[in-house]
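Topology and contacts: notes
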Amino acid sequence: MRVEVVAVGTELLLGQILNTNAAWLGAELAAAGMDAEYQSVVGDNVERIALVFRGALARSDAVVACGGLGPTQDDCTREAVAAMLNIPLKRDEAVLDVIRSRFQRAGRPMPESNARQADVPEGARVIPQTMGTAPGLCIPVGEKALYLLPGPPAELHDMWERAVAPELRQRAAARGETASISSRVLRTWGLSESALAERLADRFRALEEAGGNPSIAFLASGIEGIKVRITAKGATEGEALSLLEAEEARVRELLGPAVFGVDGETIAEVVGRLLVERGFRLGVAESLTGGMVASYLVNVPGASAWFTGGVVAYDARVKRDLLGVPDGPVVSEDAALAMAAGACRLLGSEVGLGLTGVAGPDAGEGNPPGTVYVAAWGPLHEGQESGEGGDARLLHLPGGRQQVRELATISALDLLRRRLDSQVASRRR
Ligand code: AMP
Ligand code: MG
């Protein structure tokens with residue numbers, strides 16, 4: 001069943017408030033197994049609201065609108081519906097009593113303007129108000145339905161759960177369309193958006209040609225990496241999930257180690273989990289990130305089990321004296337590796353990370369801003385000086401100082417994740 005959302009309010013168009021109702025309703029519709037193919041935003045204007053509603057009703061089986069039910073003159077969703085369907089608005093005395101008694105309880109007289117909230121288009125069903133003053137309305141339009149809900153999120157959520165979602169489910173069931181939609185986000189790091197799209201191009205096309213179920217979509221999310229969302233629809237939740245999981249396996253095979261996690265998982269959480277599984281602890285030595293890596297790590301609950309500590313080695317002398325970085329350029333692969341190894345020794349950890357580079361805006365040691373070396377060292381076993389050596393990467397990171405430091409942080413964690421992933425735990429603590 002196709003259901004679309006229309007958010008009403010000039011303030012939304014002006015960017016004065018964020019359209020969180022549409023996002024919330026989108027997620028709810030998916031969970032209820034509805035197809036949501038369109039969302040619209042329209043200002044507080046009778047003709048334009050009517051125009052958007054007309055279009056929405058023409059292509060969908062139900063329309064859920066929010067906003068424009070307030071007591072002030074600018075709120076005109078009711079009037080727009082009456083005009084569109086050419087039906088009169090009638091003041092509903094029962095609704096008016098509820099509004100009046102709300103004000104009475106608050107010890108205030110009801111302003112005359114609030115009486116407008118009791119105006120009901122003829123033939124509409126009232127969804128009683130339990131929180132605010134405006135009731136919701138369900139307006140039948142032929143076989144279809146138009147729901148008008150209040151803008152304040154708490155009132156909207158209440159009416160949606162109490163009245164609208166159950167009714168939409170019933171309508172879908174009556175059409176023999178009980179369906180469930182499941183989706184999962186694969187989080188990736190290390191592939192550019194175009195490289196990722198290229199790897200998935202054939203699969204993407206094949207899915208489209210087969211009708212778009214399951215479907216895949218990309219979302220570049222800055223330091224959260226590039227997300228690949230897989231969505232599948234089935235007659236039951238179990239069917240949707242098995243389609244989803246089969247597709248996930250295919251996509252993972254195409255993307256390989258670029259996938260670091262699913263849904264809300266962060267790369268720091270993944271690193272923490274791998275460290276726990278392998279029985280290693282991590283120490284970090286940071287130059288340009290100045291403690292950012294450590295900060296990301298301690299954001300993870302329970303980090304004390306696998307994170308021993310960090311050293312901010314900003315000055316070249318600190319890098320040499322404290323961490324044993326050899327003479328020579330400190331923006332170099334050797335320096336990053338020595339920092340990672342030094343972190344292990346100094347902080348008593350089996351694995352270490354080292355980061356050195358140029359955050360900008362000025363060049364450093366002749367390197368342009370964004371030149372960064374990250375290194376992962378270890379695991380270092382008891383009594384060993386060098387353990388199993390390390391990996392280092394030279395990065396050319398884009399953006400300003402803050403972005404370079406954030407990208408360096410995630411890239412270092414990703415390097416360690418890949419190293420831990422590719423190594424069989426050779427020893428448990
Ligand atoms: P309205 O019913 O249009 O007068 O909206 C009342 C209040 O609800 C607004 O002032 C906003 O705070 C909130 N609101 C309205 N529409 C939305 C929306 N699409 N997303 C989030 N909040 C909204
Ligand atoms: Mg409004």
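Note that residues are indexed from 1 along each chain, following the sequence as it is written. All chains are assigned letters beginning at A, and all ligands numbers beginning at 1, according to the order in which they are written. In keeping with the predicted nature of the model, local features appear solely for residues at pLDDT of at least 70, side-chain atom pairs appear and are counted solely at 80 or more, and the whole-chain, interface and lining totals rest on all residues. Just so you know, side-chain values use all the structure's heavy atoms and leave hydrogens and water out.

Comments concerning the packing of helix α2 (residues 20-31) against helix α6 (residues 153-174)
Geometry is summarised by axes, namely lines fitted to C-alpha atoms with helices restricted to the contacting stretch, and by angles between N-to-C directions that run from 0 to 180 degrees. For the purposes of this entry, the term helix denotes a DSSP run of H or I that reaches at least four residues, the term strand denotes a run of E that reaches at least two, and both are numbered from the N terminus. It is at 12 Å that the axes of α2 and α6 come closest, and there the two elements cross at 25°. Relative to α6, the element α2 lies roughly parallel. The interaxial crossing formed by α2 with α6 has right-handed handedness. Residues Thr-20, Asn-21, Trp-24, Leu-25, Glu-28, Leu-29 and Ala-31 of α2 form the contact with α6, whose participating residues are Pro-153, Leu-156, His-157, Trp-160, Glu-161, Leu-168 and Arg-169. Note on residue classes: Ala, Val, Leu, Ile, Met, Phe, Trp, Tyr, Cys and Pro are nonpolar, Asp, Glu, Lys and Arg are charged, and everything else, Gly too, is polar. By residue class, the composition of the contact of α2 with α6 is eight nonpolar, three polar and three charged. Each angle is binned into one of four classes, with values under 35 degrees roughly parallel, values over 145 roughly antiparallel, values of 65 to 115 roughly perpendicular, and all other values oblique. Throughout, a crossing is termed right-handed when the near helix is turned clockwise from the far one, and left-handed when it is turned anticlockwise from it by less than a right angle. Contact definition: two residues touch when any of their heavy atoms are within 4.5 Å.

Digging into the domain arrangement of the protein chain
Splitting the protein chain by domain gives domain 1 (3-174), domain 2 (180-262) and domain 3 (267-428). Each domain span listed reflects an automatic or database assignment of domains. A separation of 54 Å is found between the C-alpha centroids of domain 1 and domain 3.

Considering the environment of Thr-236
Within the secondary structure, Thr-236 is located in the loop between β11 (226-234) and α8 (237-255). A residue is classified by how much of its surface remains accessible, and Thr-236, at 44% relative accessible area, is partly exposed. Counted as a polar contact is a pair of N or O atoms within 3.5 Å, where, for protein atoms, one must be capable of donating a hydrogen and the other of accepting one, and residues adjacent in sequence contribute only when both atoms are in side chains. Polar contacts involving the side chain of Thr-236 include one to the main-chain amide nitrogen of Glu-239, which spans 3.0 Å. Note on classification: 1.4 Å probe, protein chains only; a residue is buried when its accessible area is under 20% of the maximum for its type, exposed when over 50%, partly exposed between these limits.

Side note on the nonpolar core
In terms of nonpolar packing, the biggest core is built from 37 residues, with Leu-282, Leu-297 and Leu-353 touching the most fellow members. Of all elements in the fold, only α9 (267-278), β13 (282-286), α10 (292-298), β15 (351-357), β16 (371-377) and α13 (401-422) reach the threshold of two or more residues within this core. In terms of residue count, the dominant contributor to this core is α13 (nine residues). Leaving out residues up to four positions away in the same chain, Leu-282 has contacts with Val-271, Leu-275, Leu-297, Trp-306, Phe-307, Thr-308, Gly-309, Ser-349, Val-351, Gly-352, Leu-353 and Leu-416. In these notes, a set of buried Ala, Val, Leu, Ile, Met, Phe, Trp, Tyr and Cys residues joined through side-chain atoms within 4.5 Å is what counts as a nonpolar core. Val-5, Met-159, Trp-160 and Ala-172 belong to the second-largest nonpolar core, a separate cluster that totals 26 residues.

Quick notes on α8
With 19 residues, α8 should cover 27 Å at 1.5 Å per step; its first-to-last C-alpha distance of 26 Å lies within 8% of that length. Of the surrounding secondary structure, the elements contacted by the buried residues of α8 are β9 (180-188), α7 (193-209), β10 (215-220), β11 and β12 (259-262). Helix span, expected: 1.5 Å multiplied by one less than the number of residues in the helix.

Comments concerning the sheet that holds β9
The four strands are arranged β10-β11-β9-β12 in an open sheet whose pairing can be described as antiparallel. Edge positions in the open sheet fall to β10 and β12, since each of these has one partner strand only. Within the sheet, the average angular offset between the axes of one strand and its neighbour, ignoring direction, is 25°. DSSP bridges decide pairing: two strands pair if at least two such bridges lie between them. Pairing between β9 and β12: three bridges, direction antiparallel. Residue pairing across strands places Thr-188 opposite Val-259, the latter belonging to β12.

Here's the deal with the side chain of Gln-129
Considering the arrangement of structural elements, one finds Gln-129 in the loop between β6 (125-127) and β7 (136-141). Of the residues examined, Gln-129 reaches a relative accessible area of 7% and is grouped as buried. Looking at Gln-129, its side chain comes within polar contact range of the main-chain oxygen of Thr-133, at 3.0 Å. What Gln-129 contacts, discounting residues up to four positions off in sequence, is Val-95, Val-98, Ile-99, Arg-102, Ala-134, Pro-135 and Met-159.

Quick notes on the sheet that holds strand β3 (residues 62-66)
Across the sheet, six strands lie side by side as β2-β1-β3-β8-β7-β6; this open sheet has mixed pairing. The two strands at the open ends of the sheet, each matched to only one other strand, are β2 (39-42) and β6. Within the sheet, the average angular offset between the axes of one strand and its neighbour, ignoring direction, is 20°. Bridge count between β7 and strand β8 (residues 144-149): five bridges; the pairing is antiparallel. Each residue of the ladder has a partner; that of Cys-138, found in β8, is Tyr-147. Packed onto the sheet, helix α3 (residues 46-59) meets β1 (3-8), β2, β3, β7 and β8 and runs at close to 170° relative to β1. Together, β1, β3, β6, β7 and β8 form the strand contacts of α6, whose direction differs from that of β8 by roughly 175°.

Focus: the packing of aromatic side chains
Between rings of Phe, Tyr and Trp, where Trp is taken as its six-membered ring, a pair exists when centres lie within 6.5 Å; planes separated by under 30 degrees are stacked, by over 60 edge-to-face, and by other angles tilted. Applying the stated criterion to the full structure yields two aromatic pairs. Ring centres of Trp-24 and Trp-160 lie 6.4 Å apart, and the angle between their planes is 80°; on these two criteria the pair is classed as edge-to-face. Note that Trp-24 is positioned in helix α2 and Trp-160 in helix α6, a separation of 136 residues in sequence. On the numbers, 6.1 Å between centres and 20° between planes, the contact of Phe-204 with Phe-218 is stacked.

Side note on the site of ligand 1
Around ligand 1 sit 16 residues in total, of which Asn-19, Asn-21, Gly-68, Gly-151 and Pro-152 are the nearest. Gly-68 is positioned with one of its backbone polar atoms (N or O) 2.7 Å from an oxygen atom of ligand 1. A total of 480 Å² of accessible area belongs to ligand 1 in isolation, and the protein chains cover 76% of it. Its atoms largely coinciding with the cavity grid, ligand 1 occupies the largest pocket. At the level of elements, α1 (10-13) and α2 are the ones that each hand at least two residues to the shell around ligand 1. Broken down by class, the residue content of the shell around ligand 1 amounts to seven nonpolar, seven polar and two charged. Near residues are defined by distance, with any heavy atom within 4 Å of the molecule or strand qualifying the residue. Computed by Shrake-Rupley with a 1.4 Å probe, the accessible areas treat only the displayed protein chains as cover when residues are assessed. Using a grid of 1 Å spacing that covers the protein atoms alone, one calls a set of points a cavity when a 1.4 Å probe fits there but cannot get out, and a pocket when the set is open and has protein on both sides within 12 Å along at least five of seven lines; lining residues are those with an atom within 4 Å of a point. To qualify as sitting in a cavity or pocket, a molecule needs more than half of its atoms within 2 Å of the grid points.

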